[in-house]
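Take a look at the letters that make up each chain.
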Amino acid sequence: MEELEMLYQEMGISPAVYARGEKVLDALQTRFAAIDKVAEYNQAKVINAMQKNRVSAACFAATTGYGYDDLGRDNLERVYADVFHTEAALVRPQITCGTHALTVALSANLLPGDELLSPVGMPYDTLQEVIGIRESPCSLAEYGVTYRQVDLLPDGSFDYPAIREAINEKTKLITIQRSKGYATRPTFSVKQIGELIAFCKGVKPDVLVMVDNCYGEFVETIEPSDVGADMTVGSLIKNPGGGLAPIGGYICGTAQCISRCAYRLSAPGLGQEVGANLGLMPALYQGFFMAPTVVAGAEKGAIFAANLYEPLGFRCVPNATESRHDIIQAVELGSEAGMIAFCKGIQAAAPVDAHATPMPWDMPGYNDKVIMAAGAFVQGSSIELSADGPIRPPYAVYFQGGLTWFHAKLGILMSLQKMVEAGLAVLGE
Ligand SMILES: *Cc1c(COP(=O)(O)O)cnc(C)c1O
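Draft legend 1. How the structure looks around the sheet that holds strand β1 (residues 88-92). Reading across from one edge, β1-β7-β6-β5-β4-β2-β3 is the order of the seven strands in this open sheet, with mixed pairing throughout. The sheet is open, and its two borders are formed by β1 and β3 (146-149), each paired with just one other strand. The mean inter-strand angle of the sheet, taken between neighbouring strand axes irrespective of direction, is 20°. Both strand β2 (residues 115-118) and β3 contribute to a ladder of four bridges, which runs parallel. Residue Leu116 lies in a different strand from β3, and its bridge partner there is Tyr147. Contacting β1, β5 (208-212), β6 (231-235) and β7 (249-253), helix α9 (residues 255-265) runs over the sheet at an angle of about 25° to β1.

In structure tokens form, the structure reads like this:
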């Protein structure tokens, strides 16, 4: 379409970059159709849960103060529990982010003397201070919770003998991170997570399993809670908020785990009974409703990026053809300059703050300098089109999101444009 090509050119995308993008897209139609099938299933799953719980206008009313008898809040939690097939759920704007949700889940269910095990290697950067792997005030380590870790095998698979060895009488909770985070290991499928959970529970039947589900929601038709996780945890400014939730986190799981989480989040004795919704219910319900399609668009963007960048000589994780279990795409750009150029492109394609220039900076909770590109309606929202990564080899940018597929496409084309302009990528033929 000439009209579109002209508009893109006006926005800074050269005809050569546009043409490359179209060629790549031609080959992706079957994969995109498969993603739409998953989205259709998940859309029906969410609507079914909303209908079953008789969601109505009354659920959207704002509450303040203690928030006793908050109909909308309590019903939203039932909707989440139904979608995740769990006994209970804690879905709150008082949970400030994913790290907070994970912290609540861990600290509510680990007591002094207990041990936490990660059988999948080093957890996400911010969790390292929560656990106390990096010393931090109020870490689990400070409260007498020990930590053990089993690294993945070189091929990215689980080291079952070492995991069996690591589980001991103190092991109370096992944490499994679904998404790769800022690592270059593969993301696990829900099926793989299920196998790992079954193995761990085979070794110690009463051990609790928490899955960090950040970025994984709605990418598949099942969730970790469908394969034995006691707690499935994530952020509402990622997938399940659908881009509309302005804050929040969720924990879905067994009634026993969730009630402890609620006591930890508010106070012993108060639990789930308090926590006003502050008028956020319309956004949380509607965002959850939108989430399956938003996630599908983001996943298409990730696949497009891999198929655009890999042939240009940049290693992509996941690679151009492998199956997807989260919405993250890592592109190894090989240099700080490459990371900056890529992020400049993502920023320049944003609906908000497109005029800003992303630069590396020291960010709380992270060990290395981090660069972040985001022109988001919600600050830091990474279901919106965003790219970030720690400035360390292999200089990988972790790219994710896009509330619409077309925005994701534009952002990726713009990133390539900036790479080409900086002389860091050569289109060839
Ligand atoms: C984003 C993320 C977190 C932390 O979430 P925040 O909302 O940034 O605190 C934890 N684990 C993984 C795998 C993540 O991707």
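Draft legend 2. Looking closely at the nonpolar core. If you look at the biggest cluster of nonpolar residues, it comprises 46 residues, and the most contacted ones within it are Phe304, Tyr309, Leu333 and Phe342. Listed by contribution, the elements that provide at least two residues to this core are α2 (15-26), α3 (29-52), α10 (281-309), α11 (336-348), β10 (370-374), β12 (396-400) and α12 (405-421). It is α12 that contributes the most residues to this core, eight residues altogether. Residues in contact with Leu333, not counting those within four places in the same chain, are Tyr309, Phe314, Gly338, Met339, Phe342, Pro394, Tyr395, Ala396, Val397 and Met419.

Draft legend 3. Up close: the site of the ligand. In the vicinity of the ligand, the contacting residues are Cys97, Gly98, Thr99, Leu102, Tyr124, Gln177, Asp212, Cys214, Tyr215, Ser235 and Lys238. Here an oxygen atom of the ligand and a backbone polar atom of Gly98 are 2.7 Å apart. One of the side-chain N or O atoms of Asp212 is found 2.6 Å from a nitrogen atom in the ligand. Of the pockets mapped on this structure, the ligand occupies the largest pocket. Examining the composition of the shell around the ligand, we find that three residues originate from one element, helix α5 (residues 98-109), more than from any other. Each residue belonging to the shell around the ligand can be placed in one class, and the counts come to five nonpolar, four polar and two charged.

Draft legend 4. Fine view of α10. For α10, which comprises 29 residues, the first-to-last C-alpha distance of 40 Å matches the rise-based estimate of 42 Å (1.5 Å per residue) to within 8%. When the local axis directions of α10 are compared, the greatest deviation, roughly 50°, occurs at Ala291, which is followed within four positions by the proline Pro292. Counting buried residues along α10, 23 of its 29 residues qualify, which places the element largely inside the surrounding structure.

Draft legend 5. Seen up close, the domain arrangement of the protein. Partitioning the protein into structural domains gives domain 1 (2-42 + 291-421) and domain 2 (63-288). In this structure, domain 1 and domain 2 have C-alpha centres spaced 27 Å apart. With 38 residues of domain 1 at the interface, the matching set in domain 2 holds 33 residues. Carbon and sulfur atoms supply 59% of the area that domain 1 and domain 2 bury against each other, a total of about 2800 Å² over both sides. The interface formed by domain 1 and domain 2 holds two salt bridges in total. When the shortest N-O distance is used, the salt bridge between Asp125 and Arg392 registers 3.8 Å. At the boundary of domain 1 and domain 2, one finds 14 residue pairs in polar contact (both at pLDDT 80 or more). Looking at the side of domain 1 that touches domain 2, the elements with two or more residues in it are α3, α10, β9 (329-332), β10, β11 (386-390) and β12. For the side of domain 1 that touches domain 2, the element with the highest residue contribution is α10, accounting for five residues.

Draft legend 6. Broad picture of empty space enclosed by the protein. According to the stated counting rule, one finds one cavity of 30 Å³ or more in the structure shown. Approximately 60 Å³ is the volume found for the largest cavity. Every residue along the wall of the largest cavity is listed here: Ser118, Val120, Pro123, Tyr124, Leu127, Thr175, Ile176, Gln177 and Asp212. The leading source of residues in the lining of the largest cavity is strand β4 (residues 171-177), at three residues.

Calculation rules
Residues numbered from 1 in each chain as written. Predicted model: local features only at pLDDT ≥ 70, side-chain atom pairs only at ≥ 80, totals over all residues. Heavy atoms only, no water. Pairing = 2+ DSSP bridges. Helix = DSSP H or I, 4+ residues; strand = E, 2+ residues; numbered from the N terminus. Axes fitted to C-alpha atoms, helices over the stretch in contact; angles between N-to-C directions. Contact = heavy atoms within 4.5 Å. Core = buried A, V, L, I, M, F, W, Y, C linked by side-chain atoms within 4.5 Å. Buried < 20%, exposed > 50% of the residue type's maximum accessible area, 1.4 Å probe, protein only. Near = heavy atom within 4 Å. Polar contact = N/O pair within 3.5 Å; in protein donor to acceptor, adjacent residues only side chain to side chain. 1 Å grid on protein atoms, 1.4 Å probe; cavity = no way out; pocket = protein on both sides within 12 Å on 5 of 7 lines; lining within 4 Å. Sits in = over half its atoms within 2 Å of the grid points. Nonpolar A, V, L, I, M, F, W, Y, C, P; charged D, E, K, R; others polar. Expected span 1.5 Å × (residues − 1). Bend = angle between axes of the 7 residues up to and from the residue. Domains from an automatic or database assignment. Buried area = accessible area lost by both parts, 1.4 Å probe. Salt bridge = Lys/Arg side-chain N within 4 Å of Asp/Glu carboxyl O. Points joined across faces, edges and corners; volume = space filled by probe spheres on them.

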